[in-house]
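Examining the three-dimensional arrangement
Chain residues, written in single-letter form:
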Amino acid sequence: MPSRIALIAPYIELAELAQQVCEELGLNAEVHVGNLAEGVQVAQELAPQGIEVIISRGGTATAISSQLELPIVEIVVSAFDLVRAVAEARAHGNNIGVVGFQNVIYGTKSLEKVLGVSIKEIEIKSKEEVPEAITKARDEGIQVIVGDAVSVNYCQQLGLAAVLVTSGKEAIGLALREAKELAKVRRKERMRAKQLKVILDFTYEGIVATDQDGRISLVNPAAEKILGVPGSHLLGRQSEEALSGMSLKQVQESGQARLGELHRVGSTLVVQNIVPVIMGQDVSGVVTNFQEASYLQNIEAKVRKELHLKGHVAQFTFADIATKSPNMKRMLNEAKEFSSSESTILIIGETGTGKEMLAQSIHNASERKNGPFVAVNCAAVPETLLESELFGYEEGSFTGARKGGRKGYFEIAHHGTLFLDEIGEIPLNLQARLLRVLQQKAVMKVGGDHVIPVDVRIITATHRNLEQAIAEGAFRQDLYFRLNVLRLQLPPLRQRQEDIAMLVELLMEKISRRTGRMAPTISHDIIELFQQYYWPGNVRELENLLERLVVLRSGMEIRIEDISELLGKLKLLADREIEDDALRLTLRGTLADMERAIICRVLESTDYNKKETCRRLGISKATLWRRLKKNKENAGNMES
């Protein structure tokens, strides 16, 4: 939409010249004639019609700007205009007076030598000074006056020769271009102002602003509603007087923002942010936005209900997985690399090793982190329901089907990640359908007759040996190849002995925080026993044991008898059989006796290779060294 510009010329010749310039430059402007009061009247008639900028000259421009709020662009008197007027004035005499404001007449005296005349610069500061200045100039011998329309009109009343300073095409063209740019900028500013007003009027947050004197300069409708006070009662008042509980003055004085603070305003508890408006080095005001605490609590509750309680949010990241184990670190580095890929991932790991935690970490490190994370335990869902849970169903597809049907986990995970835990337990009849979904990237609901495209990244996990399951005919080989594109092997806890002490500390702190009990003290000997245990349940079994110890021995030291159940399972105790048949032995006597017998037998079988002995026993070199030293001391005591 083109800008609407009006040019009000004080005299007809200027209007005609302006029309000509508009045609030559291809600029649109409504050209009118009107001098001083007449020009003001024309401008007042044009303003309601949508005119954005007015162009005029001299006293007419000044008069219009004093009466209207529209932006005014003045046609500036150029040096060329003055030279033309002074040259024309020579025909009436050589003593010439140039009347005008200082910025207009400055430098005209330098034309004396060029034009062979005497020039007197007659400076005025307002139009009202024109009669007195011209009368005085006439009395001092000035023969002709050069000036604007006001000066020329007065000279005509005195019978004094006068030449009007007319504007040339250059000045008119410059004013038109300036007006066009001004209209464009003003339109943008109006658009921003309207956008800001819509934001302020329709946001749910209350917004209050103050000026540099600390007086309230803006109050939006939401603020009126939350505060229970009309904006008219707040505007112009000092902030500490009108809103004493909101700390606006303190922020204005300190220049430091205060974010996420709770304040009570009357009977309303609000959460607010207060930010200073800084211009250069000075604080020119303050803006605060606030919301009722109860509203935020309701929003949080809704989010929790919609997302967290449905279990469609991944809570863990790679930062939550603590390890010192080299093989665990290597696996995590691979997992981080896999995160950026869209290929399916198969996670192999024993029960309790943290397969879902790893899957969540991969999701949160991927491009899909803002999408849903849907976890399904295939072993926990009855076989009769698993198909409808995975793919959804249409209304009336079976007895008890929900009215309107139901989305399956594939649809729910759209644009996110679907984690299929215990994939090795999925029935054969569903494996073919799952393979088809992975190939087509589309699902068909139970009882449906059309396919639904889905954009889902698949991560699966199992503790089973799928290759063996394939050999036994319990798992489809083609599905296995589709799932096993990227593979991660989670090491069991017995292969991460260097992590046990750290995991005990972290898990104990977590359990203590959750249960509100003090963590018990665990000695180094207990940690060593933990390191010798097989941990068939891995990290989950360790966490369950620690929770039991926190409950039973809160704030106390853990004793050997507190872990008697674990001791009964230790591979170092009775009924433990070393994998090498040559190492089979009957264990008798005390725990120390049995330990000594096993260490000696393993050392013999490895030809006293301490590294291999540690590997077979599942202990560190430091532990082996301490055990050997302790056994040697015990043997010495027995001999003495």
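Above this text is the structure in question.
Residues numbered from 1 in each chain as written. Predicted model: local features only at pLDDT ≥ 70, side-chain atom pairs only at ≥ 80, totals over all residues. Heavy atoms only, no water.

A tally of regular secondary structure across the chain gives 27 helices and 22 strands. In summary, the chain has a C-alpha radius of gyration of 45 Å against a globular reference of 26 Å for 640 residues, an excess of more than 25%. Across its three principal axes, the chain shows a C-alpha extent of roughly 140 × 75 × 55 Å. Considering the chain as a whole, with its 640 residues, one finds that 43% of them fall into the buried category. For the chain, contacts bridging at least 24 residues in sequence account for 61% of all contacts bridging at least 6. Just so you have it, the chain exposes about 34,600 Å², and 51% of that area is on carbon and sulfur atoms. Taking the 79 positively charged and 84 negatively charged side chains of the chain as two groups, their mean positions are separated by 5 Å. (Helix = DSSP H or I, 4+ residues; strand = E, 2+ residues; numbered from the N terminus. Rg over C-alpha atoms; globule rule 2.2 N^0.38 Å. Buried < 20%, exposed > 50% of the residue type's maximum accessible area, 1.4 Å probe, protein only. Contact = heavy atoms within 4.5 Å. Areas by Shrake-Rupley, 256 points an atom, 1.4 Å probe, with all protein chains shown as cover. Lys, Arg positive; Asp, Glu negative; His and termini not counted. Charge placed at Lys NZ, Arg CZ, Asp CG, Glu CD.)

Attention now goes to a nonpolar patch on the surface. On the surface, Tyr 204, Tyr 295, Leu 296 and Ile 299 cluster together into a nonpolar patch covering about 400 Å² of accessible area. The residue Ile 299 is located in helix 13 (residues 293-306) in this model. (Patch = residues over 30% accessible without salt bridge, like charges linked within 9 Å, V, L, I, M, F, W, Y side chains within 5 Å. Salt bridge = Lys/Arg side-chain N within 4 Å of Asp/Glu carboxyl O.)

Glancing now at the packing of helix 2 (residues 37-46) against helix 3 (residues 58-67). The geometry of helix 2 relative to helix 3 is characterised by a closest axis approach of 9 Å and an angle of 45° between their N-to-C directions. Between helix 2 and helix 3, the angle is such that the two are oblique. Taken as a pair, helix 2 and helix 3 cross one another with a handedness that is right-handed. Here Gly 39, Val 40, Ala 43 and Gln 44 of helix 2 lie close against helix 3, whose contacting residues are Thr 60, Ala 63, Ile 64 and Gln 67. Of the residues contributing to the contact of helix 2 with helix 3, the split by class is 4 nonpolar, 4 polar and no charged. (Axes fitted to C-alpha atoms, helices over the stretch in contact; angles between N-to-C directions. Parallel < 35°, antiparallel > 145°, perpendicular 65-115°, else oblique. Left-handed = near helix turned anticlockwise from the far one by under 90°. Nonpolar A, V, L, I, M, F, W, Y, C, P; charged D, E, K, R; others polar.)

Glancing now at the packing of aromatic side chains. With the rule as written, the count across this model stands at 5 aromatic pairs. Plain terms: the ring middles of Phe 391 and Phe 410 are 5.7 Å apart, the flat faces sit at 15° to each other, and that makes the pair stacked. Remark: Phe 410 occurs in helix 17 (residues 409-412) and Phe 391 occurs in helix 16 (residues 383-391); sequence separation between them is 19 residues. Phe 410 carries the same exposure label as Phe 391, and that label is buried. (Phe/Tyr/Trp six-rings, centres within 6.5 Å; stacked < 30°, edge-to-face > 60°.)

Summarising the element assignment, Arg 457 is placed in strand 21 (residues 456-462). Although buried, Arg 457 forms no salt bridge, and the nearest oppositely charged side chain, Glu 342, lies 5.2 Å from it. The residues touching Arg 457, leaving out its near neighbours within four places in the chain, are Phe 338, Ser 339, Ser 341, Glu 342, Ser 343, Ile 345, Ile 362, Ser 366, Arg 368, Gly 416, Thr 417 and Leu 418.

Looking at where Lys 610 falls in the secondary structure, it is placed in helix 26 (residues 610-617). For Lys 610, a relative accessible area of 48% puts it in the partly exposed group. With 170 residues separating them along the chain, Lys 610 and Gln 440 place their C-alpha atoms 55 Å apart. Beyond its immediate chain neighbours, meaning those up to four positions away, Lys 610 contacts Leu 624 and Leu 628.

The next subject is the sheet that holds strand 22 (residues 486-489). Reading across the sheet, the 5 strands line up as 15-18-21-14-22 and stay open at both edges, with parallel pairing between neighbours. The sheet terminates laterally at strand 15 (373-377) and strand 22, the two strands that pair on one side only. Each strand axis lies, on average, 20° off the axis of its neighbour in the sheet, ignoring direction. (Pairing = 2+ DSSP bridges.)

Summarising the sheet, strand 9 (residues 206-210) and strand 10 (residues 216-219) pair through 3 bridges and their orientation is antiparallel. Bridge pairing links Val 208 to Val 219 in strand 10. Taking the residues that link successive antiparallel strands as the turn, the strand 9-strand 10 hairpin has 5 residues, and the phi of Gly 214 there is positive, at about 80°.

Turning to the nonpolar core, a few remarks are in order. The biggest cluster of nonpolar side chains holds 31 residues, and the ones touching the most others in it are Phe 410, Leu 418, Ile 423 and Phe 475. Considering each element in turn, this core owes the most residues, 5 residues, to helix 18 (residues 428-440). Ranked by size, the runner-up nonpolar core spans 22 residues in total, among them Val 504, Met 508, Ile 511 and Val 539. (Core = buried A, V, L, I, M, F, W, Y, C linked by side-chain atoms within 4.5 Å.)

Quick look at the side chain of Asp 81 now. Along the chain, Asp 81 turns up in helix 4 (residues 79-89). Engagement of the side chain of Asp 81 in a polar contact is seen with the backbone nitrogen of Gly 168, the distance being 3.0 Å. (Polar contact = N/O pair within 3.5 Å; in protein donor to acceptor, adjacent residues only side chain to side chain.)

Moving on: the pairing of strand 11 (residues 258-265). Inspection of the sheet shows strand 11 paired to strand 12 (residues 268-279) by 6 bridges, in the antiparallel sense. Note on strand 12: the bridge partner recorded for Arg 264 is Leu 269. Turn length for the strand 11-strand 12 hairpin, with the two strands adjacent in sequence and antiparallel, is 2 residues, and the turn residue Gly 266 shows positive phi of about 65°.

All quantities given are derived from atomic positions and should not be read as evidence of function.
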